[in-house]
Amino acid sequence: MTGHVVALSGGVGGAKLAHGLALALASASEDLTLIVNTGDDFEHLGLHIAPDLDSVVYALAGLSDPVRGWGRRDESWTFMKALAGLGGDTWFQLGDGDLAMHVQRSLRLAQGATLTQATAELCQALGIVTRVLPMSDDPVRTRVRTEEGWLDFQDYFVRLQCRPAVRGFTFAGAEGARAQPDVLAALQRPDLRAIIICPSNPFVSVEPILAVPGIRAAIERAAAPVIAVTPIIGGKAIKGPAAKMMTELGLEVTGAAVAARYVGLIDGFIVDQGDPIPDGLSGIRFFRTATLMSTTDDRLSLARAALAAADTFNTR
Ligand code: FO1
């Protein structure tokens, strides 16, 4: 099948499937638009850090650190050591190569470029042709309500290592944020083949994107099936706090519980080959496949499975 593909991505799992989709559409990689969460962004050391955008860019450029999943591979840490020697803040680890990304982006933003423009320039410099779009060029900041009070996202995620039990989330600035125009335009294309929700944390990677006014409605109105991929395999999240958050929020730690959050938004949901097909979720067609992405081939296979699932709806 041909047609344009749009994917929503956040976190490490999202970046991996985004990479798989770019590989699956390599012949026509201009047929892929990635909408990336910016709720994790924050100002740190005078720099604008955009973790989920960087995870996608690094994955597409083959520069991801294979173990950490975030930041750049083959990294050196001279800057961090020197900063520690000056009594600087080193709780958020910035490798020397990764630092260049934050410095260059921060410079461009200070010169008046939008986050979209800065990201496009970084993609071009790294030879990436897939469109990587922030959900908005306006600031949206995920905040986590925990038993210890409200925390900024990176304080919760990195400084406190996701220890505090979560009670809820808010996406500061979302109500006034303008959806990135190319995001809405991509979702309104008549030649859309599929909208893929990547295996990202539903609470802090996907919902911030849906909280930007206009994006959820554009997805619901889109001329393409919406397929979500489970971030939960065998009752666990592969990376990050999704499973812990679900437990703390009183939810079952299953793909079905994630699918239930997307009822009304998605047409299909992919569960892992080892997990049961949920029943009782009306209006969602379930698919089963291997969803663990350990290798690049796994990413390609899962991307093809997600596109094939979408194509079962495409009667065109
Ligand atoms: N995650 C950590 O657990 N510890 C870190 O020191 C850390 C540094 C870091 C630097 C750049 C970057 O793009 C991401 C980084 N992350 C780190 C991951 C980041 O907090 C998460 O990737 C997202 O915010 C959530 O997926």
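Just so it is clear, the model here is predicted, and its values are computed rather than measured.

## Regarding the packing of helix 4 (residues 96-110) against helix 5 (residues 115-125)
- Look at helix 4 against helix 5: their axes get within 9 Å of each other, and the N-to-C directions meet at 135°. By the angle between their axes, helix 4 is oblique relative to helix 5. In this structure, helix 4 crosses over helix 5, and the sense of that crossing is right-handed. On helix 5, the residues that touch M101, Q104, R105, R108 and L109 of helix 4 are L115, A118, E121 and L122.
- Split by residue class, the contact of helix 4 with helix 5 holds 5 nonpolar, 1 polar and 3 charged.

## Concerning unusual backbone geometry
- For D74, which is not glycine, the phi dihedral falls at a positive 50°.
- Tracing the backbone through its elements, the reader meets D74 in the loop between helix 2 (51-61) and helix 3 (78-85).
- D74 sits in the exposed class, given a relative accessible area of 69%.

## A word on the state of the cysteines
- Counted under the stated rule, the structure contains 0 disulfides.
- Free of any disulfide, C123 has its nearest neighbouring cysteine sulfur in C198, separated by 15 Å.

## Things to note about the packing of aromatic side chains
- This model, assessed by the stated rule, comprises 8 aromatic pairs.
- For the pair F169 and F203, a centre-to-centre distance of 5.6 Å together with 15° between the ring planes defines the contact as stacked. In this pair, F169 is assigned in strand 8 (residues 166-172) and F203 in helix 8 (residues 202-211), connecting sequence segments 34 residues apart.
- Feature note: the residues F42, W91 and F92 constitute an aromatic cluster, connected by ring pairs.
- Its guanidinium or amino end placed over the ring of W70, R68 lies 4.7 Å from that ring's centre, counting from NZ or CZ.
- A cation sits over an aromatic face here: R285 above F313, 3.9 Å from the ring centre.

## With respect to the site of the ligand
- Surrounding the ligand, one finds 14 residues, the nearest of these being D40, F92, Q93, D98 and Q154.
- Measuring from an oxygen atom of the ligand, one finds a side-chain N or O atom of D52 at 3.4 Å.
- The contact in question runs from a nitrogen atom of the ligand to an N or O atom on the side chain of W70, over 3.4 Å.
- Protein chains shield 90% of the accessible area of the ligand, which is 530 Å² for the free molecule.
- Counting only elements with at least two residues in the shell around the ligand, the list comes to helix 2 and helix 6 (153-159).
- For the shell around the ligand, the element with the highest residue contribution is helix 6, accounting for 4 residues.
- Of the residues contributing to the shell around the ligand, the split by class is 8 nonpolar, 3 polar and 3 charged.

Rules of the game
Residues numbered from 1 in each chain as written. Predicted model: local features only at pLDDT ≥ 70, side-chain atom pairs only at ≥ 80, totals over all residues. Heavy atoms only, no water. Axes fitted to C-alpha atoms, helices over the stretch in contact; angles between N-to-C directions. Helix = DSSP H or I, 4+ residues; strand = E, 2+ residues; numbered from the N terminus. Parallel < 35°, antiparallel > 145°, perpendicular 65-115°, else oblique. Left-handed = near helix turned anticlockwise from the far one by under 90°. Contact = heavy atoms within 4.5 Å. Nonpolar A, V, L, I, M, F, W, Y, C, P; charged D, E, K, R; others polar. Buried < 20%, exposed > 50% of the residue type's maximum accessible area, 1.4 Å probe, protein only. Disulfide = S-S within 2.5 Å. Phe/Tyr/Trp six-rings, centres within 6.5 Å; stacked < 30°, edge-to-face > 60°. Lys NZ or Arg CZ within 6 Å of the ring centre and 35° of its normal. Near = heavy atom within 4 Å. Polar contact = N/O pair within 3.5 Å; in protein donor to acceptor, adjacent residues only side chain to side chain. Areas by Shrake-Rupley, 256 points an atom, 1.4 Å probe, with all protein chains shown as cover.

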